[in-house]
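Each chain, letter by letter, is given below.
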Amino acid sequence: MTHLVYPGALHTRFQHAIGAMHLMSMALETLIYKGVEITDEEQEAALIAILLHDIGHGPFSHSLEHTLIEHVPHELLSSLLIDRLNQEFNGQLDLAKEIFEGKYPRNFLHQLVASQLDTDRMDYLIRDSFFTGVSEGVISFDRIIKMLDVVDDFLVVESKGIYSVEKFLIARRLMYWQVYFHKAVVAAEQMLIQALKRAKYISQTRRLFATPALQHFLVNKVNRENLFGSSQHMDRFTELDDSDILASMKNWVKDSDKVLSLLCERLMSRNLFKTYIRDTPISAQQLKSIRETACTIFGCDMEEASYLVIQQQVFNSAYDLSLDNIKILEKTGELKDIVEASDLSNLEAIGQRVEKYFLTFPKELDFVTKQI
């Protein structure tokens, strides 16, 4: 929903997948030039792995990741779809799947697909920065790629590239809080999520208009427990895209359910809810009080008000110290963590997990929330 704040952000995940594949080819060429032995089969498999790394994303990608199929991350869905493709190609994607899942012994190939300095992140940062016009996201991806090397099957960065890596981490932090977690983007995403949740709730008692693919997920509860029991769930999932959601929501604007209608009408007309960002959550009593006011204003009950007044916790760390660290290869041959090797005093702070609490609600409730 970022395009509602940054109108240029209409690029697709397909473009991102192609871009990440291009960066992967550049990285592989760099490593081979530096003497790293990579077979033709490994090159092909790594390119396939990055091309398919996001294939498990559904409509509106991260926004609805746990709404249509509950508690199943897109990485697992990607793995399931790669399995399907592998069957169609008679096992020719075996190696690509191993690299994607991190099961192949040569770990650096998986790191190029999914790590704290992978071709996925490099592409979406530069791509999202370009299309949103937010210059803080610009990174020197070509410089980073040229500085890559491999030591004991672990991806490392030559010390000459340390400043480019520092900029990469800082850019990632800024893009998250300025773009991905922009309060208006968060509000739009919550309106979308709550509309789908309300539609699923209503669909248990009466049939709503929806495309056949979306109808499947409205009337059936699909989660980790039953996803593997039937191929029908994944069949329907692969038929879904943004147009299924938008076409259905345009119809729901006139639905008799006041909550569903309100959410869809305001989202379709860009009359977005407000979002306050807080360092601490509001209390359960305060949340109840706001929802009671919503009941009065919108003529709904407390259960219905829970779709209109939402508190959520979000967190971000540009560099997770608990994961595979970014290693800097010093001229002496010593390997150092980027935090240890960097002379930036604030780089260690980037590794700290930042938690925020977002309170999203219709504008009519602004006078109530200001009293908190």
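None of the values given here were measured: they were computed from a predicted structure. (Residues numbered from 1 in each chain as written. Predicted model: local features only at pLDDT ≥ 70, side-chain atom pairs only at ≥ 80, totals over all residues. Heavy atoms only, no water.)

Caption draft 1: Geometry of the sheet that holds strand 5 (residues 274-278). In space, the three strands of this open sheet follow the order 5-9-6, with antiparallel pairing throughout. Strands at the two margins of the open sheet, each flanked by one partner only, are strand 5 and strand 6 (310-316). On average, each strand axis in the sheet is inclined to that of its neighbour by 25°, with strand direction left out of account. Across seven bridges, strand 6 lies against strand 9 (residues 354-361) in antiparallel orientation. Of the residues in strand 9, the one forming a bridge with V314 is K356. (Pairing = 2+ DSSP bridges. Helix = DSSP H or I, 4+ residues; strand = E, 2+ residues; numbered from the N terminus. Axes fitted to C-alpha atoms, helices over the stretch in contact; angles between N-to-C directions.)

Caption draft 2: The pattern of salt bridges, seen in detail. Taken as a whole and assessed by the stated rule, the structure comprises 20 salt bridges. Between D279 and K356 there is a salt bridge, and its shortest N-O distance comes to 2.7 Å. Within this pair, whereas D279 is found in the loop between strand 5 and helix 15 (284-298), its partner K356 is found in strand 9, the two being separated by 77 residues in sequence. The exposure class of D279 is exposed, given its relative accessible area of 55%. The network of salt bridges with shared partners includes D83, K97, E101 and K103. (Salt bridge = Lys/Arg side-chain N within 4 Å of Asp/Glu carboxyl O. Buried < 20%, exposed > 50% of the residue type's maximum accessible area, 1.4 Å probe, protein only.)

Caption draft 3: Inspection of the packing of helix 13 (residues 242-252) against helix 14 (residues 258-268) at higher detail. Two elements in contact, helix 13 and helix 14, have axes separated by 8 Å at closest approach and are oriented at 120°. The pairing of helix 13 with helix 14 is recorded here as oblique in orientation. Helix 13 and helix 14 meet at a crossing whose hand is left-handed. Facing L246, M249, K250 and W252 of helix 13, the residues of helix 14 in contact are L260, S261, C264, L267 and M268. A breakdown of the residues in the contact of helix 13 with helix 14 according to their chemical character gives seven nonpolar, one polar and one charged. (Parallel < 35°, antiparallel > 145°, perpendicular 65-115°, else oblique. Left-handed = near helix turned anticlockwise from the far one by under 90°. Contact = heavy atoms within 4.5 Å. Nonpolar A, V, L, I, M, F, W, Y, C, P; charged D, E, K, R; others polar.)

Caption draft 4: Seen up close, the pairing of strand 9. The buried fraction of strand 9 amounts to six of the eight residues, a majority that puts the element mostly inside the structure. The pairing of strand 5 with strand 9 spans five bridges and is antiparallel. Residue pairing in the sheet places Y276 in a bridge with L359 of strand 9.

Caption draft 5: Structural view of the layout of surface pockets. Roughly 160 Å³ of internal volume is contained in the second largest pocket. Taken together, M21, E44, I48, L51, L52, L85, F89, Q92 and L93 make up the lining of the second largest pocket. It is helix 2 (residues 40-51) that provides the largest number of residues to the lining of the second largest pocket, a total of three residues. (1 Å grid on protein atoms, 1.4 Å probe; cavity = no way out; pocket = protein on both sides within 12 Å on 5 of 7 lines; lining within 4 Å. Points joined across faces, edges and corners; volume = space filled by probe spheres on them.)

Caption draft 6: Representation of the nonpolar core in the model. Within the largest apolar cluster, 58 residues are counted, with the highest numbers of intra-cluster contacts made by L31 and I338. Among the elements that take part in this core, helix 8 (residues 162-180) stands out by supplying nine residues, more than any other. If we skip the residues at most four places from it in the chain, L31 touches V36, I38, F108, L112, L148, D149, V150 and L155. Formed by 56 residues, the second largest nonpolar core is a distinct cluster that contains M191, A213, C264 and V309. (Core = buried A, V, L, I, M, F, W, Y, C linked by side-chain atoms within 4.5 Å.)

Caption draft 7: Structural detail: the sheet that holds strand 8 (residues 335-337). A sheet is described by the order of its strands in space; here four strands give the open sequence 2-3-7-8, paired in mixed fashion. Two strands in the sheet have a free side with no partner beyond their single neighbour: strand 2 (148-151) and strand 8. Averaged over all adjacent pairs, the angle separating strand axes in this sheet is 45°, with direction ignored. By the bridge criterion, three bridges tie strand 7 (residues 327-329) to strand 8 in an arrangement that is antiparallel. If you follow K327 over to strand 8, its bridge partner there is D337. Contacts from helix 1 (residues 13-33) reach strand 2 and strand 3 (154-158), with the element oriented near 60° to strand 2.

Caption draft 8: Quick peek at a positive patch on the surface. Together, R143, K146, K160 and K331 make up a positively charged patch on the protein surface. Relative to the helices and strands, K160 resides in the loop between strand 3 and helix 8. (Patch = residues over 30% accessible without salt bridge, like charges linked within 9 Å, V, L, I, M, F, W, Y side chains within 5 Å. Areas by Shrake-Rupley, 256 points an atom, 1.4 Å probe, with all protein chains shown as cover. Lys, Arg positive; Asp, Glu negative; His and termini not counted. Charge placed at Lys NZ, Arg CZ, Asp CG, Glu CD.)

Caption draft 9: The arrangement of the packing of aromatic side chains in detail. Counted according to the given criterion, the structure contains eight aromatic pairs. Plain terms: the ring middles of Y176 and Y180 are 4.9 Å apart, the flat faces sit at 70° to each other, and that makes the pair edge-to-face. Note that Y176 and Y180 are positioned in helix 8 at a spacing of four residues, about one turn of the helix. In this pair, the class of Y176 matches that of Y180, namely buried. On the numbers, 6.4 Å between centres and 90° between planes, the contact of F181 with F358 is edge-to-face. Of this pair, F181 sits in the loop between helix 8 and helix 9 (183-202) while F358 sits in strand 9, and the two are 177 residues apart along the sequence. Clustering of aromatic rings is evident, with ring pairs tying together Y124, Y176, W177, Y180, F181 and F358. Above the ring of F315, the side-chain terminus of R353 is found at 3.6 Å from the ring centroid. (Phe/Tyr/Trp six-rings, centres within 6.5 Å; stacked < 30°, edge-to-face > 60°. Lys NZ or Arg CZ within 6 Å of the ring centre and 35° of its normal.)

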